[in-house]
Amino acid sequence: MRKFLFLISIVSLISCKDTATTEKLTATDTEKETAHANPLIMEGEKHFKDMYQVTFGGDNAEAYWSFDDQQLIFQSNYADWEVACDQMFLMNNGDSFRESVPKMVSTGKGRTTCAYFLPDNQHIIYASTHLEMEECPDTPLKENGKYVWPIYDSYDIFVADLEGNITAQLTNEKGYDAEPTVSPQGDKIVFTSDRSGDLELYTMNIDGSDVKQITFELGYDGGAFFSPDGTQLIFRSSRPKTEAEIKEYQDLLKTGLVQPTEMELYICNADGSDLRQLTQLGNANWSPFFLPDGKRVLFSSNFEAERGFPFNLYMINTDGTGLERITHGDTFDAFPVFSNNGKYLAFSSNRNNGGGRDTNLFIAEWQD
């Protein structure tokens, strides 16, 4: 899901502390001072009451909250943390890693993606390629001059405890199984798989049982999240329509690639019924996440951009009305994720990186 970070790198050229409570935005003393002065909040970002920076180097993304909002799990490829490609790291709510290193909870082998907490707050799920090889797989960025994502057929979904011990393997089908997220109700997992020959959404129980395919139309369906009440799903999709588009999509998929530059958001019931297209904006609309009221969605988009960037965060009602721009950067803002209590928003951004390529995690106090 966070493969857009590679695109931004091309086109822009631009130890754990005490657990924090969920009632207060916390950080180190230095970061507290920075947050209260609001230098990280750009003009027009009226929904951010306060903000602090979590990471300070590398590509860091997809920070997801534990069910009790006490911790977050995220992925990073920061070389200073002695990883060669994306691995999973654990942090307490309120941590900031300017000088320290978070705890790695993946194996350190292969490449990982898309971790998410399970309801007990003591286990996570994530996808990893480590069973096929211990080294990082190659990451092609372009095919015939066009930006692409690799769809590794060695990805499977695993359960691990917070010490990094793998306790279960939830998928073992041949092909791509990844992008798992968990219902706030704690009963279901949604994930993307190409086991049907196309990239579709599937659901399963927390223990991996009762796997069901819920999308069926040709195209890449992925990055799905449940609504707060667990009854709906929001996801991104690149669905080819013309004969040329279909051929290009299928040819790329045969080589383990997809081209994600044209994507829209879709919404459906948790069983796949009542499927409808939410956005018709053009360009790439992705990384959607429900607001706590279940009636609005935050997402990242470059639909206003002429050259592929910037990406900013936008908000839209689930009936397709009320589109509102949330962030006002000139590079990259994506992966918005609300805490379960609805007070804080974790997201990834190129802001405050000195004009470099690093994508860091930020946590903002949200206000409507």
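Relevant structure appears above.
Calculation rules
- Residues numbered from 1 in each chain as written.
- Predicted model: local features only at pLDDT ≥ 70, side-chain atom pairs only at ≥ 80, totals over all residues.
- Heavy atoms only, no water.
- Helix = DSSP H or I, 4+ residues; strand = E, 2+ residues; numbered from the N terminus.
- Buried < 20%, exposed > 50% of the residue type's maximum accessible area, 1.4 Å probe, protein only.
- Areas by Shrake-Rupley, 256 points an atom, 1.4 Å probe, with all protein chains shown as cover.
- Phe/Tyr/Trp six-rings, centres within 6.5 Å; stacked < 30°, edge-to-face > 60°.
- Core = buried A, V, L, I, M, F, W, Y, C linked by side-chain atoms within 4.5 Å.
- Contact = heavy atoms within 4.5 Å.
- Pairing = 2+ DSSP bridges.
- Disulfide = S-S within 2.5 Å.
- Salt bridge = Lys/Arg side-chain N within 4 Å of Asp/Glu carboxyl O.
- Expected span 1.5 Å × (residues − 1).
- Axes fitted to C-alpha atoms, helices over the stretch in contact; angles between N-to-C directions.

Asker: When you look at the overall build of the chain in this model, what are you seeing that I'm missing?
Answerer: A count of helical and extended segments in the chain gives three helices and 28 strands. Of all 368 residues assigned to the chain, the portion counted as buried reaches 59%. Approximately 14,500 Å² of the chain is accessible, and the part contributed by carbon and sulfur atoms is 45%.

Asker: Whenever I open this one, the packing of aromatic side chains confuses me. Can you help?
Answerer: The geometry of an aromatic ring pair is captured by the separation of the ring centres together with the interplanar angle, meaning the angle of the planes. Evaluation of the coordinates by the stated rule reveals 26 aromatic pairs. The interplanar angle of 65° and the centroid separation of 6.3 Å between the aromatic rings of Phe-74 and Trp-81 together place this pair among those described as edge-to-face. By the burial criterion, Phe-74 is buried, and Trp-81 matches it. Aromatic side chains Tyr-78 and Trp-81 sit 5.2 Å apart centroid to centroid with 70° between the ring planes, which places their arrangement in the edge-to-face category.

Asker: In this structure, what is going on with the nonpolar core? I would like to understand it.
Answerer: Most often, soluble globular proteins have nonpolar side chains that are buried together. Within the largest apolar cluster, 86 residues are counted, with the highest numbers of intra-cluster contacts made by Phe-48, Ile-73, Ile-125, Ile-363 and Trp-366. Among residues more than four places away in sequence, those in contact with Phe-48 are Ile-41, Ile-326, Thr-327, Leu-345, Phe-347, Ala-364, Glu-365, Trp-366 and Gln-367. Val-190, Leu-201, Phe-226 and Cys-268 belong to the second-largest nonpolar core, a separate cluster that totals nine residues.

Asker: Just checking my understanding: could you explain the sheet that holds strand β23 (residues 296–301) for this structure?
Answerer: Across a sheet, strands are paired by hydrogen bonds formed along the backbone, either parallel or antiparallel in direction. Across the sheet, which stays open at both edges, the four strands sit in the order β22-β23-β24-β25 with antiparallel pairing between neighbours. The two strands at the open ends of the sheet, each matched to only one other strand, are β22 (285–290) and β25 (324–325). Strand direction decides the pairing type here: strand β24 (residues 312–317) and β25, joined by two bridges, are antiparallel. Paired with Met-315 across the strands is Glu-324, a residue of β25.

Asker: Can you walk me through the state of the cysteines in this structure?
Answerer: Structurally, a disulfide amounts to a covalent bond that connects the sulfur atoms of two cysteines. For the coordinates displayed, the defined rule picks out one disulfide. Each sulfur of the disulfide joining Cys-85 and Cys-136 lies 2.2 Å from the other. Measuring the twist about the S-S bond at about -90°, one finds the Cys-85-Cys-136 disulfide to be left-handed. Within this pair, whereas Cys-85 is found in the loop between β3 (71–76) and β4 (87–92), its partner Cys-136 is found in the loop between β7 (123–128) and β8 (142–143), the two being separated by 51 residues in sequence. Residue classification places Cys-85 among the buried positions, given a relative accessible area of 3%. Taking the relative accessible area as the measure of exposure, Cys-136 reaches 29% and is therefore partly exposed.

Asker: I tried to follow the pattern of salt bridges on my own but got confused; where do I start?
Answerer: Where charged atoms of side chains with opposite charge meet at close range, the side chains can pair. Going through the model one piece at a time under the given rule, you end up with 17 salt bridges. Taking the shortest distance from any N to any O, the salt bridge between Glu-179 and Arg-236 comes out at 3.5 Å. A residue pair is termed long-range when its members are at least 10 positions apart, and Glu-179 in strand β13 (residues 177–182) and Arg-236 in strand β18 (residues 232–238) qualify at 57 residues. Accessibility expressed as a relative area gives 1% for Glu-179, which makes it buried. With relative accessibility at 0%, the residue Arg-236 sits in the buried group. Between Asp-293 and Arg-296 there is a salt bridge; the shortest N-O distance is 2.8 Å. If you follow the salt bridges from partner to partner, you end up with Glu-217, Asp-221, Arg-239 and Lys-241 in one network.

Asker: Sorry if this is basic, but what is going on with the side chain of Asn-285 here?
Answerer: Within the secondary structure layout, Asn-285 lies in strand β22. We classify Asn-285 as buried; its relative accessible area is 0%. Setting aside residues no more than four positions away along its own chain, Asn-285 makes contact with Arg-236, Met-263, Glu-264, Leu-265, Thr-279, Phe-299, Ser-300, Ser-301 and Phe-303.

Asker: Looking at this model, I keep getting lost on helix α3 (residues 243–254). Mind explaining?
Answerer: Residues separated by three or four positions in an α-helix point in the same direction, a consequence of the helix having 3.6 residues per turn. Under the 1.5 Å per step criterion, the end-to-end length of α3 is 17 Å for twelve residues, consistent within 8% with the ideal 16 Å. Looking at the buried positions of α3, the neighbouring elements they touch are β8, β17 (220–226) and β19 (257–258).

Asker: Mind showing me how you'd approach the environment of Lys-343 here?
Answerer: Tracing the sequence through the fold places Lys-343 in the loop between β26 (333–338) and β27 (344–349). Placed 24 residues apart in sequence, Lys-343 and Gln-367 show a C-alpha to C-alpha distance of 7.7 Å.

Asker: Help me understand the pairing of strand β12 (residues 166–169), please; the structure alone is not making it clear to me.
Answerer: Put simply, side chains in a regular strand alternate between the two faces of the sheet. Where strand β11 (residues 156–161) and β12 come together, three bridges link them in antiparallel fashion. Following the sheet pairing, Phe-158 is matched in β12 by Gln-169. Here β11 folds back onto β12, and the loop between the two strands holds four residues, one of which, Gly-164, carries a positive phi near 95°.

Asker: What is the right way to look at the sheet that holds strand β1 (residues 48–53) in this model?
Answerer: Pairing is antiparallel in the open sheet, where four strands are placed in the order β1-β28-β27-β26. In this open sheet, the two strands that pair with only one neighbour each are β1 and β26. Taking the axes of each pair of neighbouring strands and ignoring which way they run, one obtains an average angle of 25° across the sheet.

These values are about where atoms sit, not about what they do.
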